[in-house]
Amino acid sequence: MHTENQVLVFLEIDRGILHPLAPEVLSAGKQVAQALHGKLATVILGNEITEAAHEVRHYGADTVHLVEHPLLDTYQGEYLCLALNELCKTLRPAVIIMANTLMGIDLAPRLAWKLDAGLVTDCVAIDVSGDEPGFLKPIYSGNVMAEYAPAAATCLVTVRPRAFTPRPRTDTPQGEIVPVTVTLDPASVKTSLVERIEEHSDGIRLETAERIVAGGRGIGRADGFMLLKNMADTLGAAIGASRPPCDLGWVSSNAQVGQTGEIVAPGLYIAVGISGSTQHLAGMMGSKTIVAINKDPQANIFKVADYGVVGNYEDVLPVLTETLKEILT
């Protein structure tokens, strides 16, 4: 580890606002900083994001590095990587932490390559019992938990959403905001943003959802997801899906949970008509409570479920949803 033992947490900015996962990433950063007896630094990048920098001060960081530049207004991996690389060359942090979101998945390998740093992705826990922190992540489709110890001077870690308890927001801000100037040359990047098309969704985002109702091939048709939506609305839950419904166009691809989709770890995961393939289980095994509803009593999903209901979902969901409405209202 680097002698200064400084931990740098990269926090995403979404339309000028701090990303909802920021308190979780800060929680992971604080654990590592305490284990190393070092300082907790944060960095946010964007354009006109001073207000977001002041918000970060309410979560217990020692410093908030503020990098503002017009070219950082929208996400472009090359620009963010160049800016972070410039900052890290100065700060020389021992550990860099960011969320394992789509942005983090794209940015982390770029930055690790630039810094010649170690990289641990999708971390779900941190072992602080030894002299140096160990980073735990599921491997082999979630069947084995592996612990990684950094060998490089700098280690970059992405943390799984919902895996860490969010740091509480304090009323009194603390920590210093440090403006950082970076040099970005458009001629130095190989890609350019041609157009940004946003898919608008009225529902709750999977990555931040505390409850998820997910459907699989067993739903049978697109309009079957309306029964799932009724339950999700009752619970204040997000809609998820295994890969087949997404491939068949029954539901948006943004709803896919699994090894090739979103990795989630909500407090409650209700799997409806999902057989329980290894690829899907890898994306939701971190859920605190799993409820499976399937007409096949031999479905693999029941092996990991805390509660199981054997039956046709079209019969089960309306009754269960009405019962939940009575309980919750």
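Higher on the page you've got the structure.
A brief structural summary. Since the structure is predicted, the reported quantities are computational estimates derived from the model, not experimental observations.

## Some words on the sheet that holds strand E12 (residues 176–180)
Right, so step 1: Spatially, E7-E11-E6-E1-E4-E5-E12 is the arrangement adopted by the 7 strands of the open sheet, whose pairing is parallel. Strands with a single pairing partner mark the edges of an open sheet, and in this sheet they are strand E7 (118–123) and E12. The sheet shows a mean angle of 20° between the axes of neighbouring strands, taken without regard to direction.
Right, so step 2: Of the strand pairs in this sheet, strand E1 (residues 7–10) and strand E4 (residues 40–46) are connected by 4 bridges, and their pairing is parallel. Opposite Val 9, over in E4, you have Thr 42 as the bridge partner.

## Remarks on the side chain of Asn 100
Right, so step 1: Tracing the backbone through its elements, the reader meets Asn 100 in the loop between strand E6 (95–99) and helix H4 (102–115).
Right, so step 2: By relative accessible area, which is 10% here, Asn 100 ends up buried.
Right, so step 3: Here Thr 158 takes part through its side chain, which lies 2.8 Å from a polar atom of the side chain of Asn 100.
Right, so step 4: Not counting residues up to four positions away in its chain, the partners in contact with Asn 100 are Ile 105, Thr 121, Asp 122, Thr 158, Val 159, Arg 160 and Pro 161.

## Topic: empty space enclosed by the protein
Right, so step 1: Evaluation of the coordinates by the stated rule reveals 2 cavities of 30 Å³ or more.
Right, so step 2: By volume, the largest cavity is sized at about 60 Å³.
Right, so step 3: Listing elements by their share of the lining of the largest cavity, those giving two or more residues are helix H1 (22–36) and E6.
Right, so step 4: Class assignment of the residues belonging to the lining of the largest cavity gives a composition of 7 nonpolar, 1 polar and 1 charged.

Rules used in this analysis
- Residues numbered from 1 in each chain as written.
- Predicted model: local features only at pLDDT ≥ 70, side-chain atom pairs only at ≥ 80, totals over all residues.
- Heavy atoms only, no water.
- Pairing = 2+ DSSP bridges.
- Helix = DSSP H or I, 4+ residues; strand = E, 2+ residues; numbered from the N terminus.
- Axes fitted to C-alpha atoms, helices over the stretch in contact; angles between N-to-C directions.
- Buried < 20%, exposed > 50% of the residue type's maximum accessible area, 1.4 Å probe, protein only.
- Polar contact = N/O pair within 3.5 Å; in protein donor to acceptor, adjacent residues only side chain to side chain.
- Contact = heavy atoms within 4.5 Å.
- 1 Å grid on protein atoms, 1.4 Å probe; cavity = no way out; pocket = protein on both sides within 12 Å on 5 of 7 lines; lining within 4 Å.
- Points joined across faces, edges and corners; volume = space filled by probe spheres on them.
- Nonpolar A, V, L, I, M, F, W, Y, C, P; charged D, E, K, R; others polar.

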